[in-house]
Amino acid sequence: MARSSPSPVRRLLWIALAALVVGLSVGGLLLSGYLIQLDQEIRNRFAGSRWALPAQVYAAAQDLYPGRRLKAASLGHELDRLGYRRTETLSGPGTYVAGKERVDIQIRAFEFWDGPQPEYKIAVKLDEGGIAEIHDLEADAPRDIVRLDPMLIGSIYPQSQTEDRVLVRLDEVPELLRKGLVAVEDRGFYEHFGISIRGILRAAFANMRAGKVVQGASTITQQLVKNFFLTSKRDFKRKAKEVLMALLLEAHYTKDEILEAYLNEIHLGQDGDRAVHGFGLGSRYYFNKPVSELRTHEIALMVGVAKGTSYYNPRRNPERAKTRRDLVLKKFFEEDLITEEEYTAAVAEPLGVVGGSGGSVERYPAFVDLVRRQLKGQYQDDDLTNEGLRIFTTLDPTTQEALERNLSAGIERLEKNRKLKAGTLQTAGVVTSVDGGEVLAIVGGREFRYAGFNRALDSRRSIGSLAKPFVYLAALASQPDRFNLHTIIDDEPIEMKLPNKQVWAPQNYDKKLHGPQPLYMALAQSYNLPTVRAGLEVGAAQVIKTMQAAGYSGQAQPVPSVFLGAVDIAPLEVAQMYGTLAAGGYQSRLSSIRSVTTKEGTPLDRFPIKVRQTLPEGPTYLINWALTKVVQIGTARAALSAVPPGSMLAGKTGTTDDLRDSWFAGFGADRVAVVWMGRDDYKPMGFTGSSGALVLWTSLMKDLEVRGLDMIPPGDVEDQLTDTFTGLRADQGCQSTILLPYLRGRAPVEFAPCATAAVHTPLDWLREIFE
């Protein structure tokens, strides 16, 4: 019997069932393919290098040794700057106990370029002269030298990168931070498998009761996925992807690996245009210390800030941040993570964030800018911005602070005294070491905490009278038979017809004529006309060649205006030129870097000091002697207050046309410093080198306690007593004399008429007989 045909309804049901089976099969295949794709993405990114790590830049480590001039207060300030905590007893790395004549320190372990330094405890005993003794408290033995861990001063990262972090391992993080973060962010972290069903239901119920979103349900794993893999876009598709990826992440990695990644990924604040990620960098950003040294109230603040870095910003909203911190502390107590006594003590603590409203990990952007430029020829950008290199520099924080303090306060005071609108003037400064040419400090502008136009490196301004020492140095070196320090040069009017048929008629600054001048006095008083006369005899090309030998890198045209400083040079390059003078004609290219290592501490490059002679010793010594006269009797007499009576400094003021630029460049036995002051719009500002830059320079050098010069002549220089009237050889019979240095064999042989020896020479007897 033939089977009856199925009814239309049954047929439709079969078709629907078949479609469902096929649909589920196809959907399953598609979902499986999608899961495989997500799984591959997770494995590729999470198993390899998870973050692009900017190079970390460190200041020079501070050495402590018997004999170093250092007061107890200064040592305490240095430790405070490094984030050490003053305590009653040594209680862990990064703590110290300060007394009047003794400071006990528990120094942190650190991986230096020349090997690891372990944690250890020392006692530093001080007296009026500085450090008298250093004693190892654990070995019970004296130590010759100890090295403090260096300060992290910044990072090198590409313009397109807006994140920065310092990676930490889970075992470096305090237990309270690990457990406290879980208690506040995701209490069931160690029980769930990436998502929390209970949390989702709890959040849904709370949100329904409130009629709005008041509670989230994301686990730590989901937050890590969201921050690490996804965008901030909020929609169902992204949320579904987040859930799937959280499940896959938990399937491949342990809870500790996920928590460690979250500790390094979490956003904790904004440092200018950079986002501060991870507790490693966050602890330095807020408290200037490693994460391992965070105390209870500090941990609570950082965990609290993570809920909303802008809303709970402790620098902008301190009361709101403290309320949030105290709420987190209460949670710690309720979860038995801290005792009641610890809770009470922590709630009573202030927020304790460093830096006030200007707190920044990027402490010295102008200096880091120089580091980046000096590394550029040796490392690719990717190496500097992705590999987490560690760069150890020459920056001396004490010198840097002094430069910032004196330039900032000094320029404000000068504006106030002249009744100028605040912010009218700009400034830049550089300090280097005499030995080795290490850059110790840089200020690129009065807003020295913010990256921007770096005037110390990029503002090429006319140097004015800073060029004059090189005019006279060219004369002394190239024409030793014609020029010495007492060579008389006329201070008389000069007119020159230039190739463009214009007449160049320079004048002295005071518009006066001063008669014939000894070379050293013309330099000391910064007279223009004698300088031009000497320059014309030597030639502009020779003067430029001398400047280049000192460190000038430009190609100025050999025209007479060069003699008066119509050359545009940046402050850093001026420091190079005067640094060559300070080193007696021996040049070390200015460097900001000592060593580079990998993030694991493996040395990559050392930057040894390379010295070469570029200027002749004898003539350089003569010019340096003349530059001491600029300070003693010339245009820079105010600088004498920077050193004890009897000490000597050398330097030169610089002023440009219409008082647009004010310069001073000078040096002591250990430091070279250059200060520029002016306006960015090139308008006149009313200050000479003496009334502007010299004021800032003098206060700086006094603050640094710069050592006075010890003028020891080289072998090709000899001193001779000289009659100031005739420039001839003098002795005790002459009334007005000066002890002048001469190139050996170039000193005057003939005695002045005033000399006692002049009366008794055989030649004089014969002359009298024949007369």
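One structure accompanies this document, and this report is about it. Small disclaimer: the values here were computed from a predicted structure and weren't measured.

1. Some points on the overall build of the protein
When helices and strands are counted, the protein shows 24 helices and 33 strands. The buried share of the protein, taken over its 771 residues, is 51%. When contacts within the protein are restricted to residue pairs at least 6 apart in sequence, long-range pairs at least 24 apart make up 68% of them. Just so you have it, the protein exposes about 36800 Å², and 53% of that area is on carbon and sulfur atoms.

2. What to know about the pairing of strand β9 (residues 130–136)
Burial runs high along β9: five of the seven residues are buried. Pairing geometry for strand β8 (residues 120–127) and β9, over six bridges, is antiparallel. Each residue of the ladder has a partner; that of A123, found in β9, is H135. A loop of two residues connects β8 with β9, the two strands running antiparallel in sequence. Strand direction decides the pairing type here: β9 and strand β10 (residues 141–142), joined by two bridges, are antiparallel. In the strand pairing of β10, D136 is matched with A141. Counted along the chain from β9 to the antiparallel partner β10, the turn is four residues long, and its residue D140 has a positive phi close to 50°.

3. A short note on the packing of aromatic side chains
Going through the model one piece at a time under the given rule, you end up with 14 aromatic pairs. Between F110 and F392, the aromatic rings sit 6.1 Å apart at their centres with planes inclined by 85°, giving edge-to-face as the arrangement. Of this pair, F110 sits in strand β6 (residues 110–112) while F392 is found in strand β16 (residues 390–393), placing the two residues 282 residues apart along the sequence. For the pair shown, F110 and F392 are each scored as buried. Aromatic side chains F189 and Y190 sit 4.9 Å apart centroid to centroid with 75° between the ring planes, which places their arrangement in the edge-to-face category. For F189, a relative accessible area of 0% gives the class buried. Here the aromatic cluster, defined as three or more aromatic residues joined through ring pairs, consists of Y58, F110, F112, W113 and F392.

4. A closer look at the sheet that holds strand β3 (residues 85–86)
An order of β3-β4-β5-β8-β9-β10 is seen for the six strands of this open sheet, with the pairing classed as mixed. Sheet topology places β3 and β10 at the edges, where each strand pairs with a single neighbour. The pairing of β3 with strand β4 (residues 95–98) spans two bridges and is classified as parallel. Residue pairing for β4: R85 is matched across the bridge by T95. Most of the contacts of helix α2 (residues 72–81) go to strand β5 (residues 102–107), to which it runs at about 20°, and overall it touches β4, β5 and β8.

5. Focus: unusual backbone geometry
Its identity is not glycine, yet D336 carries a phi of approximately 60°, on the positive side. Within the element layout of this structure, D336 appears in the loop between α10 (318–334) and α11 (340–348). Overall, D336 belongs to the exposed group, its relative accessible area being 69%. Phi at L659 takes a positive value of approximately 55°, unusual for a residue other than glycine. Along the polypeptide, L659 turns up in the loop between β29 (650–655) and β30 (661–667).

6. Some thoughts on the state of the cysteines
Cysteine pairs can be covalently joined through their sulfur atoms, and such a bond is termed a disulfide. As enumerated under the stated definition, the model contains one disulfide in all. With a sulfur-sulfur separation of 2.0 Å, C734 is cross-linked through a disulfide to C754. Because the sign of the S-S torsion sets the handedness, a value of about 90° for the bond joining C734 and C754 places this disulfide among the right-handed ones. Separated by 20 residues along the polypeptide, C734 in the loop between β32 (717–723) and β33 (737–743) and C754 in the loop between β33 and α23 (756–759) bring together distant segments of the chain.

7. Some details on the sheet that holds strand β14 (residues 267–271)
Spatially, three strands are ordered β13-β15-β14 in an open sheet, and the strand pairing comes out mixed. The sheet is open, and its two edges are formed by β13 (163–164) and β14, each paired on a single side. Pairing between β13 and strand β15 (residues 274–277): two bridges, direction parallel. Its bridge partner lying in β15, D164 is registered against V276.

8. Let's talk about the pairing of strand β26 (residues 593–597)
Counting buried positions over the five residues of β26 gives four, a clear majority of the element. Note that β16 and β26 share four bridges and pair antiparallel. Paired with F392 across the strands is S595, a residue of β26. The hairpin formed by β26 and strand β27 (residues 603–606) contains five residues between the paired strands, and G601 there has a positive phi angle of roughly 100°.

9. Digging into the pattern of salt bridges
Per the stated rule, a full pass over the model turns up 33 salt bridges. For R460, the salt bridge identified is with E573, shortest N-O distance 3.4 Å. Residue R460 is found in the loop between α15 (455–458) and β19 (461–462), and its partner E573 is found in helix α20 (residues 571–582); the two are separated by 113 residues along the sequence. Since its relative accessible area comes to 35%, R460 is described here as partly exposed. Owing to a relative accessible area of 13%, E573 belongs among the buried residues under this scheme.

10. What to know about the side chain of H486
Within the secondary structure, H486 is located in the loop between α16 (468–478) and β20 (488–489). Overall, the relative accessible area of 5% leaves H486 in the buried class. The residues touching H486, leaving out its near neighbours within four places in the chain, are P518, L519, Y520, T722, D723, T724, G727, L740 and Y742.

11. Concerning the packing of α16 against α20
At a minimum axis separation of 12 Å, α16 and α20 run at an interaxial angle of 45°. The pairing of α16 with α20 is recorded here as oblique in orientation. At the point where α16 passes α20, the crossing takes the left-handed sense. Across the interface between the two elements, P469, F470 and L473 from α16 touch M577, Y578 and L581 from α20. Looking at the contact of α16 with α20, its residues break down into six nonpolar, no polar and no charged.

12. Comments concerning the side chain of N264
Structurally, N264 is set in helix α7 (residues 255–265). One polar contact links the side chain of N264 to the main-chain carbonyl oxygen of E260, over a distance of 3.0 Å.

13. A look at the nonpolar core
Ranked by size, the top nonpolar core spans 140 residues in total, and within it L64, I105, M547 and Y578 carry the most contacts. With eight residues, the single largest contributor to this core is helix α21 (residues 617–632). Other than its neighbours up to four places away in sequence, Y578 contacts L466, P469, F470, L627, K652, A665, F667 and V672. In terms of nonpolar packing, the next biggest core, distinct from the first, is built from 60 residues, I42, M245, L249 and Y285 among them.

Criteria and cut-off values
Residues numbered from 1 in each chain as written. Predicted model: local features only at pLDDT ≥ 70, side-chain atom pairs only at ≥ 80, totals over all residues. Heavy atoms only, no water. Helix = DSSP H or I, 4+ residues; strand = E, 2+ residues; numbered from the N terminus. Buried < 20%, exposed > 50% of the residue type's maximum accessible area, 1.4 Å probe, protein only. Contact = heavy atoms within 4.5 Å. Areas by Shrake-Rupley, 256 points an atom, 1.4 Å probe, with all protein chains shown as cover. Pairing = 2+ DSSP bridges. Phe/Tyr/Trp six-rings, centres within 6.5 Å; stacked < 30°, edge-to-face > 60°. Axes fitted to C-alpha atoms, helices over the stretch in contact; angles between N-to-C directions. Disulfide = S-S within 2.5 Å. Salt bridge = Lys/Arg side-chain N within 4 Å of Asp/Glu carboxyl O. Parallel < 35°, antiparallel > 145°, perpendicular 65-115°, else oblique. Left-handed = near helix turned anticlockwise from the far one by under 90°. Nonpolar A, V, L, I, M, F, W, Y, C, P; charged D, E, K, R; others polar. Polar contact = N/O pair within 3.5 Å; in protein donor to acceptor, adjacent residues only side chain to side chain. Core = buried A, V, L, I, M, F, W, Y, C linked by side-chain atoms within 4.5 Å.

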